[in-house]
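Topology and contacts: notes
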Amino acid sequence: MNKSLMTDYYELTMAKTYFDQNEQDKVVYFDVFYRTNPFKGGYAIMGGLDNIISYIQNFKIDETDIEFLRKTGDFSEEFLKYLSELKFTGDIYACEDGTPIFPGEPVITVKTKIIEAQLIETSLLTYFNHGTLVTTAAKRITDAAKGIPVMEFGARRARGVESAVDASKYAYIGGCVGTSNVLASKLYDIPCLGTMAHSLVCDYNSEYEAFLNYAKSNPNNCVFLVDTFDTLKSGIPNAIRVANEYLRPNGYTFKGIRIDSGDLAYLSKKARKMLDEAGYKDAKICLSNGLDEQTILSLRSQGACIDSIGCGDNIAASLERVGGVYKLVAVEENGVIIPKIKVSNDYKKTITPAFKKLYRFYDKDTNYALGDLISLHDEVIPEDEYVLISPIEEWKKSTITNYICKDIRKEIFINGKLVYSLPSVHDRKKYCEEQFKTIYEEVKRNTFPHQYYVDLSKDLLELKKNMIKKYRGE
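What counts, and at which threshold
Residues numbered from 1 in each chain as written. Predicted model: local features only at pLDDT ≥ 70, side-chain atom pairs only at ≥ 80, totals over all residues. Heavy atoms only, no water. Pairing = 2+ DSSP bridges. Helix = DSSP H or I, 4+ residues; strand = E, 2+ residues; numbered from the N terminus. Contact = heavy atoms within 4.5 Å. Axes fitted to C-alpha atoms, helices over the stretch in contact; angles between N-to-C directions. 1 Å grid on protein atoms, 1.4 Å probe; cavity = no way out; pocket = protein on both sides within 12 Å on 5 of 7 lines; lining within 4 Å. Points joined across faces, edges and corners; volume = space filled by probe spheres on them. Nonpolar A, V, L, I, M, F, W, Y, C, P; charged D, E, K, R; others polar. Buried < 20%, exposed > 50% of the residue type's maximum accessible area, 1.4 Å probe, protein only. Arc of directions from axis to C-beta. Polar contact = N/O pair within 3.5 Å; in protein donor to acceptor, adjacent residues only side chain to side chain. Core = buried A, V, L, I, M, F, W, Y, C linked by side-chain atoms within 4.5 Å. Salt bridge = Lys/Arg side-chain N within 4 Å of Asp/Glu carboxyl O. Phe/Tyr/Trp six-rings, centres within 6.5 Å; stacked < 30°, edge-to-face > 60°. Parallel < 35°, antiparallel > 145°, perpendicular 65-115°, else oblique. Left-handed = near helix turned anticlockwise from the far one by under 90°.

**Some words on the sheet that holds strand E20 (residues 417-418)**
The 7 strands are arranged E13-E12-E1-E5-E3-E19-E20 in an open sheet whose pairing can be described as antiparallel. Whereas interior strands pair on both sides, the edge strands pair on one side only; in this sheet they are strand E13 (336-339) and E20. Two elements, strand E1 (residues 27-33) and strand E5 (residues 108-113), share 6 bridges in a ladder whose sense is antiparallel. Within E5, the position partnered with Asp31 by the bridge is Thr109. Running at roughly 135° to strand E12 (residues 325-333), helix H6 (residues 121-145) makes contact with E1, E5 and E12 of the sheet.

**Let's talk about the layout of surface pockets**
Considering only enclosed or pocket space, the largest pocket measures out at about 880 Å³ in volume. Taken together, 36 residues make up the lining of the largest pocket; nearest its centre are Arg35, Pro103, Ile392, Gln451 and Val454. Listed by contribution, the elements that provide at least two residues to the lining of the largest pocket are E1 and strand E21 (454-456). Sort the elements by how many residues they give to the lining of the largest pocket and E21 lands first, with 3 residues. In terms of residue class, the lining of the largest pocket is built from 16 nonpolar, 10 polar and 10 charged. Within this model, the second largest pocket holds a volume of roughly 520 Å³.

**Notes on helix H13 (residues 293-301)**
Note on helix geometry: an α-helix contains 3.6 residues per turn, so any two residues three or four positions apart are oriented the same way. Within H13, the full set of buried residues consists of Glu293, Ile296 and Leu299. Projected onto a plane normal to the axis of H13, the buried residues spread over an arc of 125° and lie on a single side. Buried residues along H13 sit against H6, helix H12 (264-277), strand E10 (284-287) and strand E11 (308-311). Near the N-terminus of H13, the side chain that reaches the backbone nitrogen of Gln294, with its oxygen 3.2 Å away, is that of Asp292.

**Comments concerning the nonpolar core**
Nonpolar side chains in soluble globular proteins tend to be buried together. Counting 128 residues, the largest nonpolar core has Leu83, Ile108, Phe224, Phe254 and Ile257 as its most contacted members. Among the elements that take part in this core, H6 stands out by supplying 11 residues, more than any other. The contact partners of Ile108, leaving out residues within four places of it in the chain, are Phe30, Asp31, Val32, Met46, Ile52, Ile92, Tyr93, Ala94, Phe128 and Arg409. In terms of nonpolar packing, the next biggest core, distinct from the first, is built from 11 residues, Phe33, Tyr93, Val325 and Val329 among them.

**Some words on helix H4 (residues 77-84)**
For H4, the set of buried residues is Phe79, Leu80, Tyr82 and Leu83. Burial along H4 is one-sided: seen end-on, the buried residues are contained in an arc of 155°. Away from its buried face, by an angle of more than 90 degrees, H4 presents the exposed residues Glu78 and Lys81. Close packing links the buried residues of H4 with helix H1 (9-20), helix H3 (63-72) and helix H5 (114-119).

**Quick look at the pattern of salt bridges**
One pass over the full model with this rule turns up 26 salt bridges. Here Asp50 makes a salt bridge to Lys169, at a shortest N to O gap of 2.8 Å. Taken together, the residues Asp50 in helix H2 (residues 49-57) and Lys169 in helix H7 (residues 161-173) connect sequence positions 119 residues apart. Given the relative accessible area of 8%, Asp50 is considered buried.

**Topic: the packing of aromatic side chains**
For the coordinates displayed, the defined rule picks out 20 aromatic pairs. Ring centres of Tyr43 and Phe436 lie 5.3 Å apart, and the angle between their planes is 70°; this geometry places the pair in the edge-to-face category. Of this pair, Tyr43 sits in the loop between E1 and strand E2 (44-45) while Phe436 is found in helix H15 (residues 425-436), placing the two residues 393 residues apart along the sequence. Here Tyr43 and Phe436 have matching classes, each one buried.

**Looking at the packing of H6 against H13**
Packing of H6 against H13 brings their axes to within 9 Å, and their N-to-C directions diverge by 0°. Considering the angle they form, H6 stands roughly parallel to H13. Only Glu293, Gln294, Ile296, Leu297 and Arg300 of H13 make contact with H6, whose side of the interface consists of Arg140, Ile141, Ala144 and Ala145. Of the residues belonging to the contact of H6 with H13, the class tally is 5 nonpolar, 1 polar and 3 charged.

**A closer look at the packing of helix H10 (residues 207-217) against helix H11 (residues 231-247)**
Following both chains from N to C, one finds H10 and H11 inclined at 45°, their axes separated by 9 Å at the closest point. On the basis of their axis angle, the class for H10 and H11 is oblique. By crossing handedness, the relation of H10 to H11 is classed as right-handed. Here Glu207, Tyr208, Phe211, Leu212, Ala215 and Lys216 of H10 come into contact with H11, specifically with Ser234, Gly235, Asn238, Ala239, Arg241, Val242, Glu245, Tyr246 and Leu247. Split by residue class, the contact of H10 with H11 holds 8 nonpolar, 3 polar and 4 charged.

**Regarding the environment of Lys16**
Within the element layout of this structure, Lys16 appears in helix H1. Once the C-alpha coordinates of Lys16 and Lys417 are considered, the two residues, 401 residues apart in sequence, prove to be 26 Å apart. Setting aside residues up to four positions removed in sequence, Lys16 forms contacts with Asp74, Phe75, Ser76 and Phe79.

This is the structure in structure tokens:
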């Protein structure tokens, strides 16, 4: 399906205004950023770039789109002809999927003609907001699990089929070991995982019969769901009985059980004892039931016996939001870049103007990230020493040395051509793991995290302050 009209109507009415004023060739710069970390956390993880690339590559307002717009009666034939010939001709710079990102950072910058920039806004934000939310949720949960494998089970909770498939992909990039979503597994070569549902148990005359039939059909993948009736008195004993009477005698391995309700800490410890006493010390215990990072941390602190986790709602259907925005930060006039600013009484809503770069400082000895710097696009960052200055409380300064400074954004499109080679989903997962290790644990805390340093260069900070004074008449 052609998604080029996946834009808000006001983008078209604004585009018509620019066209009527003969401004369609004006070059502008827009930044994508967000203001507050989701989940009250200390970070977010970039997601959605792959879908943005696909959208831009396939951007084309076709004949059916034009006919639909013609029927509204709001657009001239000259403007419609312009739209029918429109394609993306500009530049896009962006952080890669899996990159830890922080509030206020220009994680994506679009430089292109003004109508192109406006029409792609809605889709860019949709892909960024959803991709980043799911990847961040998955990373928070897998980080809380501390090495316990987390399976993504959220397909039925997602907001539509396409959303579910994307969620499985971004959950995998964010640290999940696999997904229950078969289509996502097929499309992205993600390990496909799953156990059984309560409906199978309820369908048979007894729990034992259900387990036995399941074992006969799936002898190499027997993980029994044991909480349909009574986990300790019925479920686990019947699972052990099937293992004793069918799996072991026929040379198969009893893989384990899943518990999806009740006091998971208590039940898992009891289950471990029962399985061990029955001679199945290698049988694994999977816990599920609406788990989030706080519940996982609590279960671990209580000594719950957990070999794997199934997590759905809180990855694929989180009620949180990223709140990414797309703001004009500069225009070109006669080849000169003119900074633009939106001023608000709320500092967080006063945007940082100008065409910028985004740098990250890494400690040479530990490889930990020391902080990020937003600078003017043509600034040169010294290699030996730098003073980071808080853009809000300027008295907060930190002099850093012994660092490696990297531009953490990549060129994605240049002059309308894709110049970035998208890594495989497996490489993006590995990249995410590697980059996450560079962030201090204090920043990654699930509650009351340390605030990561995101500062403005001295020149950019002065520009912003002067522009605020100018527009306030000071």
